[in-house]
There are 6 protein chains.
Amino acid sequence: MALHKDPSIATRALVPDVEDFPEDIRQKIDEVTEKSGFTPNVFRAVASRPDEWRAFMSMHDSLMDRDTPGLTKADRELIVVATSAENSCMYCVVAHGAIARIRTKNPLISDQLAIDWRKADLDDRQKVIIEVAVKLAMTPAEVTDGDQQRLRDAGLTDEDVMDVGSIVAFFAMSNRLAHWGGMQPNPEFFLMGRTPRQK
Amino acid sequence: MALHKDPSIATRALVPDVEDFPEDIRQKIDEVTEKSGFTPNVFRAVASRPDEWRAFMSMHDSLMDRDTPGLTKADRELIVVATSAENSCMYCVVAHGAIARIRTKNPLISDQLAIDWRKADLDDRQKVIIEVAVKLAMTPAEVTDGDQQRLRDAGLTDEDVMDVGSIVAFFAMSNRLAHWGGMQPNPEFFLMGRTPRQK
Amino acid sequence: MALHKDPSIATRALVPDVEDFPEDIRQKIDEVTEKSGFTPNVFRAVASRPDEWRAFMSMHDSLMDRDTPGLTKADRELIVVATSAENSCMYCVVAHGAIARIRTKNPLISDQLAIDWRKADLDDRQKVIIEVAVKLAMTPAEVTDGDQQRLRDAGLTDEDVMDVGSIVAFFAMSNRLAHWGGMQPNPEFFLMGRTPRQK
Amino acid sequence: MALHKDPSIATRALVPDVEDFPEDIRQKIDEVTEKSGFTPNVFRAVASRPDEWRAFMSMHDSLMDRDTPGLTKADRELIVVATSAENSCMYCVVAHGAIARIRTKNPLISDQLAIDWRKADLDDRQKVIIEVAVKLAMTPAEVTDGDQQRLRDAGLTDEDVMDVGSIVAFFAMSNRLAHWGGMQPNPEFFLMGRTPRQK
Amino acid sequence: MALHKDPSIATRALVPDVEDFPEDIRQKIDEVTEKSGFTPNVFRAVASRPDEWRAFMSMHDSLMDRDTPGLTKADRELIVVATSAENSCMYCVVAHGAIARIRTKNPLISDQLAIDWRKADLDDRQKVIIEVAVKLAMTPAEVTDGDQQRLRDAGLTDEDVMDVGSIVAFFAMSNRLAHWGGMQPNPEFFLMGRTPRQK
Amino acid sequence: MALHKDPSIATRALVPDVEDFPEDIRQKIDEVTEKSGFTPNVFRAVASRPDEWRAFMSMHDSLMDRDTPGLTKADRELIVVATSAENSCMYCVVAHGAIARIRTKNPLISDQLAIDWRKADLDDRQKVIIEVAVKLAMTPAEVTDGDQQRLRDAGLTDEDVMDVGSIVAFFAMSNRLAHWGGMQPNPEFFLMGRTPRQK
């Protein structure tokens, strides 16, 4: 598979052409493009090998497309925005900030989280989730049993607790892939979900 | 799939029984167990869902089982040990420290890297790799084009450079999964590769 | 002058009613309100005493309303966004982010700066300005003669160099006032300057 | 107004001649000089423009010349010394250290605060004030409602609490202006208030 | 006394020949060599002057060769390993890690402490000791009366408490001497105490 | 030897009575007291056991009472003041600040160093010494061969270079002993060397 540079996608990464991808991957990208109206750059930027691409997307979807009472799809996006902002990850904050605005139906929440999660407009359960998630992202050795108990006390199940950790961990990886590759957020993401009609 | 606690594997994670895994996973675990003489705890600790397990292992193997002149299998393990030590990740340092000793045939290198990578017994190419890898692991936003150029100047190809980033990123995830779950290194790892006959 | 709490303006500060302000202040607030279409919360949130209010606004306008070839009005707003983001100051990032979008005519620049100024879409002169400004904001004792020389080499005059320092310093104050008071950005700011027709 | 360099005042700033200042400013400087026996360098070093000078001094005096039971003039100087020391600001620590010695009639307190405020000879109310002030100065996003409640519990009124924040914020600005300009403390300050007869 | 470089002992220090040492020092080194089977490099690396050598060893032995119910010889080695690991001190972690394995009869404890003391296999008393010791080593100004009280509550006497501080302090010195000199741990240390027969 | 608390000497340490010390120690303390006019608190605060006391003082005198062209007695005190200030050590900054003023005949230098060593009135050789010394004190693992070469280039001999490291290391210990014990600087130190007649 030929790789080349495309600074509109990523300033440093080698990116493949979509048409060079195997059929199953091309098909998935086509679906996303149709649904979103554009192809999010991550689909070409982070994974230059088909097996790594499949693993990355499989893990992402398994963690982010679940919806439980203790950890909704919207909550999962909030975790991504807050921890990615701590890592100064432009792609993840902008792209998942757009999704978070849409899923929460709150046009202000992503900017709030990205700038100062401590003062963002969150309910008590969400505050605990974000606080513990940021701790795992930034000072992972300091996480304690007590941190996980706080999540259970806030209404998360044992599986939800595991998912909090897995989401933080997955985006610790994604943030570094994005920084390493100089991944660019598509301009479309910046405006998505900011006004009622765009939700 | 039933999940339960097993503190000999992980103090906080929910772990599945191997026998509950699907056939393909059980088979892979059997192979590793036969080859190593024991089942490394990561195979039960980090992934409670078959799809996540498959993705995690696929990504790991794609990155760690490659061997190029610019980035050997041994070099890849050195990256894991040094960056995981910066994250105080006991499982990753101990388990991959064992593999690094074996692959480098150097019984001292892993302890050196884990304690003070700046003074470890590395050649010039390895020093650059480790220095840049640690930078990406710990202060990812500060990575520059110049850091990647240093790797190319040291003899790495463009694909090797991408792999450095991907390995660091993958273990940024693994380190956090291990901390979150309280994953325990198997006692066998501590002694592997420390004496000539064990190489 | 009676002070009271108004959480739509600031969660912790005591804020005055505009009608209680002396005539000169009320007049200035009326002008801003007419021009902006709303009253930015800072006008009521940071200054509970008329003399402090006048001094704060006088200093702000003296620094921000100047326009020189080496340091345009737009450049000045970029400094505010980048350094305020380092301080996680929601009011300053959102409000001045809006102004920066309008003055630069670039709807993406403020989010880029707030998330990762190192990768924002800046020209070389602006990059030096932002890098030095962030250094003064976050590690002021480490600023050197060389940092100021870099600004002059990039085309700033001696007065421009002084202004860079004064703007950073003024917003080091503003950021802390905003955090202390829990100042809320008006919702209008979040969307300003994001689409062509809104410029 | 002509500006020039004068390293006895500031190694990097452009400083004006006093005689070039407008009449109202010259008069104020004359008053201070007569009272102190020398002209503190800040009067020429931080403000090269008359309007900025007036705003700076007005804000300073409004905050520092107040005296309330919960926050005396002496207490206000202690805040300046402790937070300026955290910022390694030589001018502010030396000049306000002198004033703090005089206002507290304690010749040791300023050195104690500047070196290790945690072990300085403070009463319980002062300890809370300094601890919260240092937090706002150094990690402003982490300030909570609870921090302000601690101040009220220690006897500060709502206005005193606002003043703690405003003083910290004002000197966050001053510290950066002093570092940027390389402002020099007048030699006279080092010895003021150190012996009984000099109080 | 002639000094020269010997990179097998220390990459940067000037080291003396043992035979050039005064008789009392040579005798002590001979004893250690006979007991250990090799001469630990510290005996030649850290002290180029006989008086400093005698003082260093006297202080070390006074602190480390005591054995009290509240602070056993093994406990003292654990303090050394944990705090030296925080300082990335290769010589101290490797050499005292070996002694700690032998004294605790636990072949895993030193690697655990060096990588992540928070998750090491310690009892409650030891956990408090290590936590407070690391605090003194890394953020000494933040130590409080409460930290020392925690030690007494865990069963340490007043003299034990003093010894915790003295051991941490002594190795704060040793770690810096080892870094400054580039002191090399003898290869023998890496394997000592790792298997039952080597205890 | 009876130990007790004496908060005028140290708020937390157990201190011995001078009369309980062995004859050789009492004699040395008498000499210092006669020379200084008071007994510096360190002589009772840091060492509760005669052997540790002797070792501490022997090491101190060996390092601090030497005087070489490349590293004068005054230079050695400057190292102590600057590194102890980084550790917020009140006793060491105040006591050695007094000695540094006397030895340099510069009444301002100690306050300058303690507040912001980067802007203190040092010559080029001294600047290099202090910069490298602070690096060893605060981030010891990051010291390089190049740092030591900078010292030699500034005119220090190999033995001087070793002494820089040993002084920093010794005061890394002393600072922590002082913090642990809550050691109080004698009031006399604060004023010593501040006026010409006191030199």
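Not measured: the values here are computed from a predicted model.

**Details of the domain arrangement of chain A**
Residue and element names in this part refer to chain A. Examined at the domain level, chain A breaks down into domain 1 (18-63) and domain 2 (67-191). The straight-line distance from the C-alpha centre of domain 1 to that of domain 2 is 22 Å. Counting residues at the interface gives eleven residues for domain 1 and 17 residues for domain 2. In this assembly, domain 1 packs against domain 2 so that about 1,100 Å² is buried in total across both faces, 73% of it on carbon and sulfur atoms. It is F38, F56 and L63 that lose the most area in domain 1 upon contact with domain 2, and together they represent 50% of the buried surface on that side. Taken together, domain 1 and domain 2 are joined by six residue pairs in polar contact (both at pLDDT 80 or more). It is helix α3 (residues 50-64) that contributes the most residues to the side of domain 1 that touches domain 2, four residues altogether.

**Points about the interface of chain B and chain A**
Many descriptions give the size of an interface as the accessible area lost when the pieces come together. Taken together, the contact pairs 42 residues of chain B with 42 residues of chain A. Between chain B and chain A, the buried area comes to about 3,900 Å², and carbon and sulfur atoms account for 63% of it. Where chain B packs against chain A, one counts six salt bridges. With its nearest N and O atoms 2.9 Å apart, the salt bridge here joins D145 of chain B to R12 of chain A. It is helix α9 (residues 158-181) of chain B that provides the largest number of residues to the side of chain B that touches chain A, a total of 16 residues. For the side of chain B that touches chain A, a count of residues per class yields 22 nonpolar, ten polar and ten charged.

**Things to note about the packing of helix α7 (residues 124-138) of chain A against helix α8 (residues 145-153) of chain A**
Residues and elements named next belong to chain A. The N-to-C vectors of α7 and α8 enclose an angle of 155°; their axes lie 9 Å apart at closest approach. It follows that α7 is roughly antiparallel to α8 by the angle criterion. Seen from above, α7 lies across α8 with left-handed handedness. Here V128, I129, E131, V132 and K135 of α7 come into contact with α8, specifically with D147, R150 and L151. Across the contact of α7 with α8, the residue classes tally to four nonpolar, no polar and four charged.

**Things to note about the side chain of R101 of chain B**
Residue and element names in this part refer to chain B. Within the element layout of this structure, R101 appears in helix α5 (residues 90-104). D111 provides the closest opposite charge to the buried, unpaired R101, separated from it by 4.1 Å. Within polar-contact distance, the side chain of R101 engages the backbone oxygen of F190 at 3.5 Å. Excluding residues that lie within four positions of it along the chain, R101 makes contacts with N106, P107, S110, D111, F189, F190, L191, M192, G193 and R194.

**Some points on the relation of the copies chain F and chain E**
The operation relating chain F to chain E is a screw motion whose rotation component is 180°, with 0.0 Å of axial translation and a residual RMSD of 0.0 Å. On the angle and the small slide along the axis, the relation comes out as a two-fold axis. Using C-alpha coordinates, one finds that chain F approaches the rotation axis most closely at A55 of chain F, a distance of 2.1 Å. Both copies present the same face, since 100% of the interface residues in chain F are matched by interface residues at the equivalent positions in chain E.

Criteria and thresholds
- Residues numbered from 1 in each chain as written.
- Chains lettered and ligands numbered in written order.
- Predicted model: local features only at pLDDT ≥ 70, side-chain atom pairs only at ≥ 80, totals over all residues.
- Heavy atoms only, no water.
- Domains from an automatic or database assignment.
- Contact = heavy atoms within 4.5 Å.
- Buried area = accessible area lost by both parts, 1.4 Å probe.
- Polar contact = N/O pair within 3.5 Å; in protein donor to acceptor, adjacent residues only side chain to side chain.
- Helix = DSSP H or I, 4+ residues; strand = E, 2+ residues; numbered from the N terminus.
- Salt bridge = Lys/Arg side-chain N within 4 Å of Asp/Glu carboxyl O.
- Nonpolar A, V, L, I, M, F, W, Y, C, P; charged D, E, K, R; others polar.
- Axes fitted to C-alpha atoms, helices over the stretch in contact; angles between N-to-C directions.
- Parallel < 35°, antiparallel > 145°, perpendicular 65-115°, else oblique.
- Left-handed = near helix turned anticlockwise from the far one by under 90°.
- Buried < 20%, exposed > 50% of the residue type's maximum accessible area, 1.4 Å probe, protein only.
- Lys, Arg positive; Asp, Glu negative; His and termini not counted.
- Least-squares fit on C-alpha atoms with pLDDT ≥ 70 in both.

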